[in-house]
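Residues per chain, in single letters:
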Protein chains: 2
Amino acid sequence: MNKVYVVGIGPGGAEQITPQARTAMERAEVLCGYMVYIDLVRPLYPGKEVFTTPMTREIERCRRCLEFAQSGRTTAMLCSGDAGVYGMAGPLLQLCPEFPEVEVEVVPGVTAALSGGAALGAPLMHDFCVISLSDLLTPWETIENRLRCAARGDFSICLYNPSSKKRADYLRQACDILLEEKSGETVCGWVRNIGREGQERRVLTLGELRGETVDMFTTVFIGSSATQAVSGWMVTPRGYEAKR
Amino acid sequence: MNKVYVVGIGPGGAEQITPQARTAMERAEVLCGYMVYIDLVRPLYPGKEVFTTPMTREIERCRRCLEFAQSGRTTAMLCSGDAGVYGMAGPLLQLCPEFPEVEVEVVPGVTAALSGGAALGAPLMHDFCVISLSDLLTPWETIENRLRCAARGDFSICLYNPSSKKRADYLRQACDILLEEKSGETVCGWVRNIGREGQERRVLTLGELRGETVDMFTTVFIGSSATQAVSGWMVTPRGYEAKR
């Protein structure tokens, strides 16, 4: 069979990998992916063949994955979190027309918006936006416009890739844009090393978040105007209370 | 121990329930939830005590859940999809100050944006918004404003609760608002009965979506201006191609 599974493995631990994802990895003869993600699941499949490329060679990784499948070897492309949210499902599916005999199945997983949200409580209980602050593939003006629109819509906001060595002040810039529309008292939170050893979390205000130093292993949550801090949790009400 | 787990069970099938969620349900003496969700997992835990309330009694359900835990019975509150995304984690955590001795743990799950997205391909590969069209708990003007802001930010959009008997034309109204900002040729998709028997999907344009009849078991996806239909899949590019 000529099959590729694009698999979301969740935040890292085996206890957050769905049985569907486990089955896909078991069926695969070759596990493809960025080395950091491969290393997370490798202990589960000792001896299984792996193929990795560095961070910047995503298209090549997808193409090789499809070539393995075309040659008859069932293959799994691993993604951290979900397969679709900033994952490899997109670039791989875009190559599909070149490999018409390969069947692709996308297997979803728990993305950081959900696993990080659970660690903080329920920040995404109502309508929300997910925005990546990485401008490697997206013009910064596009990111700025999305931050503004998300603030004007009073969405809860989850920020992926809030920082890196080259972009140390991007979170501060994002906060400044949000502060044009939102109160400095807006309830926010961040989670670092979600679902891994040394997980940390903090609930704080948007004003405090502006001065916070976070790293690339952190996911940031910015509340809507309704979001509250309750017993140390970050909670966005759905509206049941008002209804009652 | 006085513990409540708020558990996201994914779209329905056992193969999409994480081991962490399974462990939480196994530890619980009482499973709480809306009957439809309880029925999805009941075969996994024959004989386990269940407590349900009807659709509109969410706060009561959360309070009883905390009371069970306070009396020393470990309890799991089940949510379809994720525990936090339009789930029960929020209302339950808001009651926590009344139950200071109860420990709460939120266990994330695969929400319909991810499972439905996987069925369609990769519609949420880049920045996206999730919006519920239900105005039971949210004024319609708030929903309209969020649709407009999501369109102006050129986000991919995932719509929950696109329809019900009382709100048969809400999807059409939402499409009309989006069509003020977006092309009628925008690539869209919907998935019905995600991860359950009789799953259906369709990739179509925003103009076509406007005339589509969907039910309450359907999740709708509206592309950004960059979203493409590729070999029957709905794919939002991340930008690797341009970079290369």
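Keep in mind that this is a model prediction, so the values were computed, not measured.

Draft legend 1. Broad picture of the packing of helix H6 (residues 140–152) of chain A against helix H7 (residues 170–179) of chain A. All names here are of chain A. As a packed pair, H6 and H7 sit with axes 9 Å apart at the nearest point and diverge in direction by 45°. By the angle between their directions, the pair H6 and H7 is classed as oblique. Of the two elements, H6 crosses H7, and the hand of that crossing is right-handed. Along its contact with H6, which presents Trp-140, Glu-144, Leu-147, Arg-148 and Ala-151, the element H7 presents Tyr-170, Gln-173, Ala-174, Ile-177 and Leu-178. Grouping the amino acids of the contact of H6 with H7 by side-chain chemistry returns seven nonpolar, one polar and two charged.

Draft legend 2. Focus on the environment of Gln199(B). All names here are of chain B. As for its position among the elements, Gln-199 is in the loop between strand E9 (187–192) and strand E10 (200–205). With a relative accessible area of 39%, Gln-199 lands in the partly exposed category. Between the C-alpha atom of Gln-199 and that of Glu-60, which follows or precedes it by 139 residues, the distance is 33 Å. What Gln-199 contacts, discounting residues up to four positions off in sequence, is Ala-119, Val-191, Arg-192, Asn-193 and Ile-194.

Draft legend 3. Structural context of the sheet that holds strand E12 (residues 228–230) of chain A. Residue and element names in this part refer to chain A. With respect to topology, three strands assemble into an open sheet ordered E6-E13-E12, the strand pairing being mixed. The open sheet has two edge strands, strand E6 (121–122) and E12, and neither has a second partner. By the bridge criterion, three bridges tie E12 to strand E13 (residues 233–235) in an arrangement that is antiparallel. Bridging from a neighbouring strand, Gln-228 pairs with Val-235 of E13.

Draft legend 4. Here's a closer look at the environment of Arg73(A). Residues and elements named next belong to chain A. Considering the arrangement of structural elements, one finds Arg-73 in the loop between helix H3 (58–70) and strand E4 (75–79). Of the residues examined, Arg-73 reaches a relative accessible area of 25% and is grouped as partly exposed. Measuring from C-alpha to C-alpha, the distance between Arg-73 and Glu-29 comes to 6.1 Å, with 44 residues separating the pair along the chain. If near-sequence neighbours (up to four positions away) are discounted, Arg-73 is found in contact with Lys-3, Glu-29, Val-30, Glu-49 and Phe-68. A distance of 2.7 Å separates a polar atom in the side chain of Arg-73 from a polar atom in the side chain of Glu-49.

Draft legend 5. Representation of the environment of Asp82(B) within the structure. Structurally, Asp82(B) is set in the loop between strand E4 (75–79) and helix H4 (89–94). Its relative accessible area of 4% is what places Asp82(B) among the buried residues. For Asp82(B) and Thr56(B), which are 26 residues apart along the polypeptide, the C-alpha to C-alpha distance reads 19 Å. Apart from the residues lying within four places of it in its own chain, the contact partners of Asp82(B) are Leu114(A), Gly8(B), Gly87(B), Pro108(B), Gly109(B), Val110(B) and Thr111(B). In this structure the side chain of Asp82(B) is engaged in a polar contact, spanning 3.2 Å, whose partner is the backbone nitrogen of Val85(B). At 2.9 Å, the side chain of Asp82(B) forms a polar contact with the backbone nitrogen of Gly109(B).

Draft legend 6. Local environment of the interface of chain B and chain A. The interface is formed by 67 residues belonging to chain B together with 67 residues belonging to chain A. In this assembly, chain B packs against chain A so that about 6000 Å² is buried in total across both faces, 63% of it on carbon and sulfur atoms. Taken as a group, Leu137(B), Arg146(B) and Tyr240(B) account for 12% of the area that chain B buries against chain A, more than any other trio of residues on that side. In this assembly, chain B and chain A are joined by two salt bridges. For the pair chain B and chain A, the number of links is 26 residue pairs in polar contact (both at pLDDT 80 or more). The pairing of strand E7 (residues 128–132) of chain A with strand E7 (residues 128–132) of chain B spans three bridges and is classified as antiparallel. Along E7(B), the bridge assignment pairs Val130(A) with Phe128(B).

Draft legend 7. Main features of the state of the cysteines. Residues and elements named next belong to chain A. Applying the stated criterion across every chain yields a total of zero disulfides over all chains. Note on Cys-158: no disulfide assigned, nearest cysteine sulfur contributed by Cys-129 at a separation of 10 Å. With relative accessibility at 0%, the residue Cys-158 sits in the buried group.

Draft legend 8. Molecular detail of the sheet that holds strand E2 (residues 30–33) of chain B. All names here are of chain B. If you walk across this open sheet you meet the five strands as E3-E2-E4-E1-E5, and the pairing is parallel. A strand with exactly one partner marks an edge of an open sheet, and here the two such strands are strand E3 (49–52) and strand E5 (103–107). Going across the sheet, the axis of each strand differs from the next one's by a mean of 20°, ignoring polarity. Where strand E1 (residues 3–8) meets E5, five bridges bridge the pair, whose relative direction is parallel.

Draft legend 9. Region of interest: unusual backbone geometry. Positive phi, close to 50°, is recorded for Ser231(A), a residue that is not glycine. Here Ser231(A) is to be found in the loop between E12 and E13. Residues other than glycine seldom take positive phi values, yet Tyr86(B) does so here, at roughly 50°. Looking at the element boundaries, Tyr86(B) is found in the loop between E4 and H4. For Tyr86(B), a relative accessible area of 12% puts it in the buried group.

Draft legend 10. Looking closely at the pairing of E2(B). All names here are of chain B. Residues of E2 alternate between two faces, with Val-30 and Cys-32 on one and Leu-31 and Gly-33 on the opposite face, all of them buried. Bridge count for E2 against E3 is four bridges, and the pairing is parallel. For Gly-33, the partnering residue across the bridge sits in E3 and is Thr-52. In the sheet, E2 pairs with E4 via three bridges, with the strands oriented parallel. Paired with Cys-32 across the bridge in E4 is Met-77.

Draft legend 11. Structural context of the relation of the copies chain B and chain A. Overlay of chain B on chain A (RMSD 0.0 Å): rotation 180°, translation along the axis 0.0 Å. The relationship between the two copies is best expressed as a two-fold rotation axis.

Draft legend 12. Expanded view of helix H3 (residues 58–70) of chain B. Residues and elements named next belong to chain B. With 13 residues, H3 extends 18 Å between its outermost C-alpha atoms, agreeing within 8% with the 18 Å of an ideal straight helix rising 1.5 Å per residue. Of the residues making up H3, those classed as buried are Glu-58, Ile-59, Arg-61, Cys-62, Cys-65, Leu-66, Phe-68 and Ala-69. Following H3 by one or two positions, Gly-72 adopts a phi angle in the positive range, close to 95°.

The rules behind each value
- Per chain, residues are indexed from 1 in the order of the written sequence.
- Whichever chain is written first is A, and whichever ligand is written first is 1; the rest continue in order.
- Where local features are concerned, this predicted model is filtered to residues with pLDDT of at least 70; where side-chain atom pairs are given and counted, the filter is 80 or more; whole-chain, interface and lining totals use all residues.
- Excluded from the side-chain calculation are hydrogens and water; included are all heavy atoms of the structure.
- The angle between two axes is taken between their N-to-C directions and runs from 0 to 180 degrees, where each axis is a line fitted to C-alpha atoms and a helix contributes only its stretch in contact.
- Here a strand is any run of E in DSSP of at least two residues, a helix any run of H or I of at least four, and the numbering for each starts at the N terminus.
- Geometric relationships in this document are graded by angle, where less than 35 degrees denotes roughly parallel, more than 145 denotes roughly antiparallel, 65 to 115 denotes roughly perpendicular, and other angles denote oblique.
- Put simply, a crossing is left-handed when the front helix is turned counterclockwise from the back one by less than a right angle, and right-handed when it is turned clockwise.
- The criterion used for residue contact is that any of the two residues' heavy atoms lie within 4.5 Å.
- Side-chain classes are defined by residue name, with Ala, Val, Leu, Ile, Met, Phe, Trp, Tyr, Cys and Pro counting as nonpolar, Asp, Glu, Lys and Arg as charged, and the others, Gly among them, as polar.
- Exposure categories follow from relative accessible area, calculated using a 1.4 Å probe and restricted to protein chains: below 20% of the type maximum is buried, above 50% is exposed, and the middle band is partly exposed.
- One bridge is not enough; two strands pair if DSSP finds at least two bridges between them.
- N or O atoms closer than or at 3.5 Å make up a polar contact, with two conditions inside protein: a donor-capable atom paired with an acceptor-capable one, and, for residues adjacent in sequence, both atoms drawn from side chains.
- Here the buried area means the combined drop in accessible surface, using a 1.4 Å probe, for two parts upon being joined, counting both sides.
- We define a salt bridge as a contact between a side-chain nitrogen of Lys or Arg and a carboxyl oxygen of Asp or Glu at a distance within 4 Å.
- Two cysteine sulfur atoms make up a disulfide if the distance between them is within 2.5 Å.
- Superposing copies: least-squares fit, C-alpha atoms only, residues required to have pLDDT of at least 70 in both.
- Expected helix span is computed as 1.5 Å times (number of residues minus one).

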